[in-house]
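Notes for the structure review
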Amino acid sequence: MEVLRVLVAVGVLHLCLVVGSDQDNDSLLAFLHRNNEDPVTTERMLRKTGHVSPFQDPCYVDVAPPAGDDVPCGEGLCRCRHTVANCSFRTAKVSYVPKLPSSVTELFFTHNTLLSIDRDDFFQNVTDIEFLDLSFNYLTYVSPGAFRHLKKLKTLILIAHYMTYDTLAPVLSITTLTFLDISYSVTGRLGTPPDDLFHRYPLVHLETICLRYVGISHLNMAVFRPLGRLRNVQLTGNLLNDETLHTDFLPQLTGSIVLTENSFTQFLETCRGGVSLLPNLTWLDLSTNPLKALLKNHWMSSFAYTSICLPGLKYLSLWDTYLTEVEKDTFSQKAFPSLEILSLRGNNMLTMAGQFAFQNPSLQAFSLQSCGIDFAADIVHAECFAGCPNMVAIFLQNNDFRDVTEDKFNRLFRQVTRLGVLSLTSTRIGDIKAGMFTNFTSLQVLRLNVNRLTEIPDGVFSTGTASECK
């Protein structure tokens, strides 16, 4: 019997519910249990346990400069700890990388007054490094042979720069790279990659490319076709829209496409001639775009595509879009046969008036956090969560449950019998009836903090829901 303590803040009263269940082998639920939080906050834990969080930015790198027991190194210009050296924030102009311990494989060389790397021997003292961060040096030029000595380099981060695709030639010639981040082009001067860019620079090992905030105004994704091992493409904060992004057949993309903070009003084209253009994609993020609807049968979506072909998609994030309605079968197994996690967080004015609004037996978790939904109103069907037999986690914090009757509450959750995690934080609940949690036989994590409760009636958690309360 696994025992989990859940702190529930009920007004000024704090209860410690000890909730027990048989060992659950479901990996998603196990991870959620460990931290008792939304998956976004557990990304570091998931990575360290060998799993990539569904909400993990592919350009997030879980490496940090040394701290704590670090020691001076590199002629006093750096601090070292184990395999990591931090040579950042040098106030004087640095003309080379100093000699570092042979154990160093990760080098932070950020926020220096560098501006240009004009020597081919700049990195000759660190030829064994595998990770290099040159961010916030505002580079304008790199000598053609500067990276020639770095035969083992896999990760290069070059955030905040004045480079163009021509001046980036030395970077794009590093054939060992698996991860490249050239985001935040100052004044957006980098722009759209030339169509032949990766024919000229065949980065045969590249798995992740990050092009955030670089001023891309139009893009044919066929530009990435030569990158046979590419898994992830990050395009946040560019100038793309429905007319200027053209998808292409890219079966190598087995990871993610992130298109947050662009100007899309409709879903991507994912089908062509009945064939999926992105058959192996597992994560799509269209958050913070002015989306109106996903499918053409919606009254606001006359330009949207009539079908979605994403057979491998597991994680779909639609935070802070303009979606106003979840109709029946919007996220059905026909459109999303592998969908496990769905986030609709921050979509104000969202209605779920239809039965089976989220019907999909593959769905395991979803978030409607901060949507401002009045669950007592007719805009929410009492069985909108039906048709999700494998649902294990639902996040509903920052919505309105204050006038939801016991009958509607029970009907909302009656068919999600495997539900193990339920967040009702800050949902204006002022009263809990004795029978409201009777059917929650699998519930292990319940969050009721920041509500209007002053007491919980005896017996509420006594029928298979809680093993002990103290």
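You'll find the structure just up there.
Reading the values: the criteria
Residues numbered from 1 in each chain as written. Predicted model: local features only at pLDDT ≥ 70, side-chain atom pairs only at ≥ 80, totals over all residues. Heavy atoms only, no water. Helix = DSSP H or I, 4+ residues; strand = E, 2+ residues; numbered from the N terminus. Buried < 20%, exposed > 50% of the residue type's maximum accessible area, 1.4 Å probe, protein only. Contact = heavy atoms within 4.5 Å. Areas by Shrake-Rupley, 256 points an atom, 1.4 Å probe, with all protein chains shown as cover. Patch = residues over 30% accessible without salt bridge, like charges linked within 9 Å, V, L, I, M, F, W, Y side chains within 5 Å. Salt bridge = Lys/Arg side-chain N within 4 Å of Asp/Glu carboxyl O. Polar contact = N/O pair within 3.5 Å; in protein donor to acceptor, adjacent residues only side chain to side chain. Phe/Tyr/Trp six-rings, centres within 6.5 Å; stacked < 30°, edge-to-face > 60°. Disulfide = S-S within 2.5 Å.

1. Describing the overall build of the protein
When helices and strands are tallied, the protein shows five helices and 26 strands. Of all 470 residues assigned to the protein, the portion counted as buried reaches 55%. Taking all contacts inside the protein whose residues are at least 6 apart in sequence as the whole, residues at least 24 apart take part in 66%. Carbon together with sulfur atoms contributes 51% to the accessible area of the protein, which is approximately 19,800 Å² in total.

2. With respect to a nonpolar patch on the surface
A contiguous nonpolar surface patch, about 350 Å² in accessible area, is contributed by L115, F136, Y138 and Y162. Looking at L115, the relative accessible area reads 49%, which means it is partly exposed.

3. Things to note about the side chain of S88
Residue placement: S88 occurs in the loop between β5 (84-86) and β6 (106-108). A distance of 2.8 Å separates the side chain of S88 from the side chain of N86, its partner in a polar contact. One polar contact links the side chain of S88 to the main-chain carbonyl oxygen of F108, over a distance of 3.4 Å. Sequence-distant contacts of S88, defined by excluding residues within four places in its chain, comprise F108, F109, T110 and N112.

4. Focus: unusual backbone geometry
Despite not being glycine, H82 has its phi angle at roughly 55°, a positive value. Owing to a relative accessible area of 59%, H82 belongs among the exposed residues under this scheme. In the Ramachandran plot, S370 falls in the positive-phi region, its phi being about 60° despite a non-glycine side chain. In this structure S370 comes out as partly exposed when scored by relative accessible area, which is 27%.

5. Focus on the packing of aromatic side chains
Overall, the coordinates contain 23 aromatic pairs when judged by the stated rule. Ring centres of F123 and F147 lie 5.5 Å apart, and the angle between their planes is 20°; on these two criteria the pair is classed as stacked. Of this pair, F123 sits in the loop between β7 (116-117) and β8 (131-133) while F147 is found in the loop between β9 (141-142) and β10 (155-157), placing the two residues 24 residues apart along the sequence. Of the residues examined, F123 reaches a relative accessible area of 0% and is grouped as buried. For the ring pair F358 and F385, a centre distance of 6.0 Å and an interplane angle of 45° mean the geometry is tilted. Separated by 27 residues along the polypeptide, F358 in the loop between β21 (341-343) and β22 (365-367) and F385 in the loop between β22 and β23 (393-395) bring together distant segments of the chain. On the basis of relative accessible area, F385 is assigned to the buried category, the value being 1%. Feature note: the residues F267, F331, F336, F358, F366, F375, F385, F401, F409, F413, F437 and F440 constitute an aromatic cluster, connected by ring pairs.

6. With respect to the state of the cysteines
Enumeration over the complete set of coordinates arrives at four disulfides. Here C59 is linked by a disulfide to C210, with a sulfur-sulfur distance of 1.8 Å. Because the torsion about its S-S bond is -110°, the bridge between C59 and C210 counts as left-handed. In this pair, C59 is assigned in the loop between α2 (43-48) and β3 (71-73) and C210 in strand β12 (residues 208-210), connecting sequence segments 151 residues apart. Using a relative accessible area of 7% as the deciding quantity, one classes C59 as buried. A disulfide bridge connects C73 with C80, and the sulfur atoms are separated by 2.0 Å. One disulfide, between C73 and C80, carries an S-S torsion of 80° and so falls in the right-handed class.

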